[in-house]
Amino acid sequence: MAEPMVRAESVHKRFGRLEVLRGITLEVGRGEVMCIIGPSGSGKSTFLRTINHLEKINRGRLWVDGSLVGYVQRGDRLHELHDREVARSRAEIGMVFQRFNLFPHKTALENVIEAPRLVRNVPKAQAIQEATDLLNRVGLSDKRDSYPSQLSGGQQQRVAIARALAMKPKLMLFDEPTSALDPELVGDVLDVMRDLARDGMTMVVVTHEMGFAREVADKLVFMDGGVIVEAGDPREVLSNPQHERTRAFLSKVL
Amino acid sequence: MASGPVGLPQPEAEDIKAVPVRHPGRWVASAVVLVIAVAAVRSVVTNQRFGWGHVGHYLFTSQVLHGVLVTLELTAGAQVLGVVLGVLLAVMRLSANPLISGAGWLYVWFFRGTPVLAQVLFWYNIAALYPVFHLGIPFGPSFISFNANSISAFLVLVLALGLNEGAYMSEIVRAGIISVDEGQNEAALSLGMTRLQTMRRIVLPQAMRVVIPPTGNETISMLKTTSLAFAVGTIADLLTTASRIYDNNFLVQPLLIVASLWYLAITSVLYVGQYYLERYYARGSSRELPLTPWQRVRRGIFSAQHDQIAMVPVAFERHEGGE
């Protein structure tokens, strides 16, 4: 069997005394889309952020594409990776944030070419060509010279997706990508994500969009209190939840 | 006239033409200000002892112009040193290493806590403390050594003012850095940038918007602080030059006015520079940048030819392109 893209084994995370993740074990296969749902404070965003080492884990093991995240094992000891090595592995993992986090002092095009130019030393003409194609793909070819403040939320989030894709990632992380959007703008962003999934991108999506999860996800994970309460086929989990906690949550959001 | 969604007719409305509120208090205050202004101008013009003829005579003498140049050099040197030190100290103070952040804190505490004049005099007399400087390893060999008396007074003043300025600039830069949203850091890191790249390409350019106005303030302040050269006495800056001239001819007030006019003129030029710098770093922060005064003038001339009213470009429509 091929190595999964993401493998988590009993991942724990503490903020001071607060235990946010209390043993997460899961696998995301290549080309798979996993949606993570759960109430706020359940640790789902924190778990997503451990995958590209924006959060350090305190216990357990986490692999992306077969290599440990943030550490290297020599003998039976773990050694922290150097800033530059962490950066190199993050470059392979795209991330999209709830609040977009576009660079406000750069135009849409500049946002997209910044990392390929700086991190991968892509020649300028080539970077611009690829960025133009990506902006085209997310339906924003006419916005390449607009600054983020001149774009609607939905447009900003699509630029953010193009920016992440510009690094040609093997894995995409989405942290509630539509939660900060007006309801009428959600559809465009979900369309882009749906296309991405269809093209075979491996995706981990923290979301409240149950319709999207049902339609696009290969696996659905319900988290609460820092643990996985229930996981499985999305249609199965959504229509026939096995746990009382899942049933209570779904009855409020569906 | 179409029927609205609630079934009511939707009539056209007229522009409001209301009688404005009157402000008699403002008229009284304006009259008082005007009377004071006329009195002040009349006194300045008619009082022969101002010596306006002397002011005009000395304003562009080569001695004064040289003083202006020295003042500009002192300001530029000290302020550049201050900004460089300020960035370094700000990054130090944000370091996770307590020794590094502590050293930054101590520096700022010391240089902000002592009078800048005392610092200038201290560095000027440093040769009394260290006649010869050695650069090397403590208790080990020395690589470079030089005589402290060989450093020019000009360089000492630049160093003294720059070291002091670094402390103030570091607080300004630090405020700028922490004003940048943490999400910017995360976005840059998630794209594979190192922390240094993130600081240089993403955080510092955005911090500039917060950093520039107080830095302009500091530069203007530095321009005038260079007149502490007066205390050293051997540097021919603007104020010292003026004093040397009036020591000979006793035209104290006219020469102080000459110096002040130059300080005012340079400050005004700095205002313009700051305006354009702020404009540059404001890109992306507002939907449409306001016109510069020059653009306004040009646009005014252009539209006058076509007998039109100058129009500011229409602000960008937020949902333009329809989402």
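Heads up: these notes are all about the structure in this document. (Residues numbered from 1 in each chain as written. Chains lettered and ligands numbered in written order. Predicted model: local features only at pLDDT ≥ 70, side-chain atom pairs only at ≥ 80, totals over all residues. Heavy atoms only, no water.)

## Describing the overall build of chain B
Cut-off, in case you're wondering: Think of it this way: any DSSP run of H or I at least four residues long counts as a helix, any run of E at least two long counts as a strand, and we number them from the N terminus. The quantity called the radius of gyration is restricted to C-alpha atoms. Its globule counterpart is 2.2 Å times the number of residues to the power 0.38. The cut-offs for exposure are 20% and 50% of the maximum accessible area for each residue type, with area from a 1.4 Å probe on protein chains only; residues under the lower value are buried, those over the upper are exposed, and the others partly exposed. Here, two residues are considered to be in contact whenever any of their heavy atoms come within 4.5 Å of each other. The Shrake-Rupley method, run with a 1.4 Å probe, gives the accessible areas here. Residue values count only the displayed protein chains as cover. The charge count includes Lys and Arg as positive and Asp and Glu as negative, but it does not include His or the ends of the chains. Lysine's charge is taken at NZ, arginine's at CZ, aspartate's at CG and glutamate's at CD.
The number of helices and strands found in chain B is 13 helices and 2 strands. A compact globule built from 323 residues should have a C-alpha radius of gyration of about 20 Å, whereas chain B, at 28 Å, is more than 25% larger. In terms of its C-alpha atoms, chain B occupies a principal-axis envelope of roughly 95 × 70 × 40 Å. Within chain B, buried positions represent 33% of all 323 residues. Considering only residue pairs separated by 6 or more positions, chain B has 65% of its internal contacts joining residues 24 or more positions apart. If you sum the accessible surface of chain B, you get close to 20500 Å²; carbon and sulfur atoms cover 67% of it. Separation of charge centres in chain B, based on 21 positive and 18 negative side chains, amounts to 6 Å.

## Here's the deal with the pairing of strand β4 (residues 59-64) of chain A
Sheet faces and side chains relate simply in a regular strand, where the side chains alternate between the two faces. All names here are of chain A. Stated formally: At least two bridges found by DSSP between two strands is the condition for calling them paired.
Inspection of the sheet shows strand β1 (residues 6-15) paired to β4 by 5 bridges, in the antiparallel sense. Of the residues in β4, the one forming a bridge with Val6 is Val64. Taking the residues between adjacent antiparallel strands as the criterion, β4 and strand β5 (residues 67-68) are bridged by 2 residues, where Asp65 takes a positive phi near 55 degrees.

## Details of the packing of helix α3 (residues 62-93) of chain B against helix α11 (residues 238-249) of chain B
Residue and element names in this part refer to chain B. Spelled out, the test is: For every element, the axis is a line fit to its C-alpha atoms; helices are fit only across the contacting stretch, and the angle between N-to-C directions ranges from 0 to 180 degrees. When describing relative orientation, an angle under 35 degrees is termed roughly parallel and one over 145 degrees roughly antiparallel, while 65 to 115 degrees is termed roughly perpendicular and anything else oblique. Polar here means any residue outside two lists: the nonpolar Ala, Val, Leu, Ile, Met, Phe, Trp, Tyr, Cys and Pro, and the charged Asp, Glu, Lys and Arg; Gly therefore counts as polar.
Taken N-terminus to C-terminus, the directions of α3 and α11 make an angle of 155 degrees; their axes are 7 Å apart at the nearest point. Between α3 and α11, the crossing angle belongs to the class labelled roughly antiparallel. Side by side, α3 and α11 meet where Gln63, Val64, Gly67, Val68 and Thr71 of the first sit next to Leu238, Thr241 and Ile245 of the second. When grouped by side-chain class, the residues that make up the contact of α3 with α11 number 4 nonpolar, 4 polar and no charged.

## Some thoughts on the pattern of salt bridges
All names here are of chain A. Counted only if it meets this: By convention in these notes, a salt bridge is any Lys or Arg side-chain nitrogen within 4 Å of a carboxyl oxygen on Asp or Glu.
Under the counting rule described, the total for this entry stands at 23 salt bridges over all chains. In this structure, Glu32 engages Lys219 in a salt bridge whose closest nitrogen and oxygen atoms are separated by 3.5 Å. Here Lys219 lies in strand β11 (residues 219-224) and Glu32 lies in the loop between β2 (18-28) and β3 (33-37), a separation of 187 residues in the sequence. For Lys106, the salt bridge is made with Glu114, and the minimal N-O distance between the two is 3.4 Å. The structure contains a network of salt bridges with shared partners spanning Arg30, Asp65, Glu92 and Lys170.

## Regarding the interface of chain B and chain A
At the interface, 30 residues of chain B touch 38 residues of chain A. Taken together, the connections running from chain B to chain A amount to 2 salt bridges. The shortest N-O distance in the salt bridge between Glu114(A) and Arg201(B) comes to 2.7 Å. Put simply, the parts of the chain that give the side of chain B that touches chain A at least two residues each are α8 (182-190) and α9 (195-225) of chain B. In terms of residue class, the side of chain B that touches chain A is built from 8 nonpolar, 11 polar and 11 charged.

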